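So the chains spell out like this:
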Amino acid sequence: MNFALQALSVGSVKAMGPEIAMGGAVVVHGRSTFGNSNAMGFLLGKEFRQEPDEERRKQNENEEPRFTRLEMEYWTGSIKQTGMQVGIANLVLNDKLSAQALLINGLVRVGATENTRWWAGAGLGWGSIDHPSHLGVVQGCQCLGSAKANGATWRIKLVAERQLSEDSALYLHVGHLQLPGVANPGTPSTLYGKVGLTDIGIGFRQKF
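Residues numbered from 1 in each chain as written. Predicted model: local features only at pLDDT ≥ 70, side-chain atom pairs only at ≥ 80, totals over all residues. Heavy atoms only, no water.

J.: Hey, could you run me through the overall build of the protein chain in this one?
T.: When its secondary structure is counted, the protein chain shows one helix and twelve strands. When the helices and strands of the protein chain are read in sequence order from the N terminus, they spell out β-β-β-β-α-β-β-β-β-β-β-β-β. Radius of gyration (C-alpha) of the protein chain: 22 Å, far over the 17 Å computed for a compact globule of 208 residues. Projected onto the principal axes, the alpha-carbon positions of the protein chain cover approximately 75 × 30 × 25 Å. The buried share among the 208 residues of the protein chain stands at 41%. Within the protein chain, contacts between residues separated by at least 24 positions form 67% of all contacts whose residues are at least 6 apart in sequence. Summed over its atoms, the accessible surface of the protein chain is roughly 11,400 Å², and 56% of this surface lies on carbon and sulfur atoms. (Helix = DSSP H or I, 4+ residues; strand = E, 2+ residues; numbered from the N terminus. Rg over C-alpha atoms; globule rule 2.2 N^0.38 Å. Buried < 20%, exposed > 50% of the residue type's maximum accessible area, 1.4 Å probe, protein only. Contact = heavy atoms within 4.5 Å. Areas by Shrake-Rupley, 256 points an atom, 1.4 Å probe, with all protein chains shown as cover.)

J.: Help me understand the nonpolar core in this model?
T.: As a rule of thumb, nonpolar side chains are buried together in soluble globular proteins. Judged by nonpolar contacts, the single largest core of 27 residues is most densely connected at Trp-75, Ile-79, Leu-179 and Leu-197. Contributions of two or more residues to this core are made by β1 (2–15), β5 (66–86), β6 (89–112), β8 (147–163), β9 (168–179) and β12 (195–207). If one sorts the elements of this core by residue count, β6 sits on top with six residues. Among residues more than four places away in sequence, those in contact with Trp-75 are Leu-8, Val-10, Ala-39, Met-40, Gly-41, Ala-99, Gln-100, Ala-101, Arg-155, Leu-177, Leu-197 and Asp-199. (Core = buried A, V, L, I, M, F, W, Y, C linked by side-chain atoms within 4.5 Å.)

J.: Explanation requested: the side chain of Ser-168 in the structure shown.
T.: Note on placement: Ser-168 falls in strand β9. Residue Ser-168 is classed as buried on the basis of its relative accessible area of 9%. Dropping the residues within four chain positions of it, Ser-168 is found in contact with Gln-163, Phe-204, Arg-205 and Gln-206.

J.: So what exactly am I meant to see when it comes to the environment of Thr-68 here?
T.: Position of Thr-68 relative to the elements: it lies in strand β5. Along the backbone, Thr-68 and Val-86 are 18 residues apart, and their C-alpha atoms lie at a distance of 47 Å. Contact partners of Thr-68, with chain neighbours within four places excluded, come to Lys-46, Glu-47, Phe-48, Leu-107, Val-108 and Trp-119.

J.: Sorry, what's going on with the pairing of β12 here?
T.: Walk down a regular strand and you will see the side chains alternate between the two sheet faces. The pairing of β1 with β12 spans twelve bridges and is antiparallel. Across the sheet, Ser-9 pairs through a bridge with Ile-200, a residue of β12. (Pairing = 2+ DSSP bridges.)

J.: Is there a simple way to think about the packing of aromatic side chains in this case?
T.: Both the distance between ring centres and the angle between the ring planes are used here to describe each pair of aromatic rings. According to the stated counting rule, one finds one aromatic pair in the structure shown. Sitting above the plane of the Phe-67 ring, Arg-109 keeps its charged end 3.8 Å from the centroid. A cation sits over an aromatic face here: Arg-205 above Tyr-171, 4.8 Å from the ring centre. (Phe/Tyr/Trp six-rings, centres within 6.5 Å; stacked < 30°, edge-to-face > 60°. Lys NZ or Arg CZ within 6 Å of the ring centre and 35° of its normal.)

J.: Quick question: what am I supposed to make of the confidence of the model for the protein chain here?
T.: Atomic detail in the predicted coordinates should be set aside for any region of low pLDDT. On average, residues of the protein chain score 88 in pLDDT, and 91% of them are at 70 or above. At the level of individual helices and strands, the protein chain shows its lowest average pLDDT in helix α1 (residues 54–59), which scores 64, and its highest in β9, which scores 97. (pLDDT = per-residue confidence, 0-100.)

J.: I keep staring at the pattern of salt bridges and nothing clicks. Help me out?
T.: Close approach of charged atoms lets side chains of opposite charge pair. Going through the model one piece at a time under the given rule, you end up with nine salt bridges. With a closest N to O distance of 2.6 Å, Arg-49 and Glu-51 form a salt bridge. In this structure Glu-51 comes out as partly exposed when scored by relative accessible area, which is 40%. A salt bridge links Lys-157 to Glu-73; the shortest N-O distance between them is 3.8 Å. Taken together, the residues span a long stretch of sequence, with Lys-157 in strand β8 and Glu-73 in strand β5 at a distance of 84 residues. By relative accessible area, Lys-157 is classed as buried at 5%. Residues participating in the shared-partner salt-bridge network are Glu-47, Arg-69, Glu-71, Glu-73, Arg-155, Lys-157, Glu-161, Asp-199 and Arg-205. (Salt bridge = Lys/Arg side-chain N within 4 Å of Asp/Glu carboxyl O.)

Quick look at the structure:
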């Protein structure tokens, strides 16, 4: 088993909306902008080593074992929201979206040297995102209230690991995380699209 702790910087954030349904056929389309944000993660996993079968050994004496890793990842962070355009209104904001995700990831080791390992993987899980309230910021519209949703989440990532000892390593992580969209019912109703973000960071892994 191994445990990892990672500190992450959230760079590129892509999210559709808000989309405000005023009633009838009237829909106001909006666009949000985001700034650099921070997150952290905790991971618990197990590594597996699969030796080549006898037939493959006969074909290639230098055939390497196959290494895989299965891990549970908890991701938590806040996404800085710097602005929002709603119709002709351009809003300057200093808010944060709160987000969490719990994922099961599978990784394959795609390369190695004496002290360095490269991994690639993907994961599925459950996530939540919480949009803050912006009631009153658009004159004449009691819209953009707080909204929260839970739903399916997925991620992909690349990891470069540098061994410090037989049981510990430092690593660099680059990944993409997709968080669920949010629908705030009522009249007017507000729809926020799914949030896709890129995170990059460093971590420490310890076997036990």
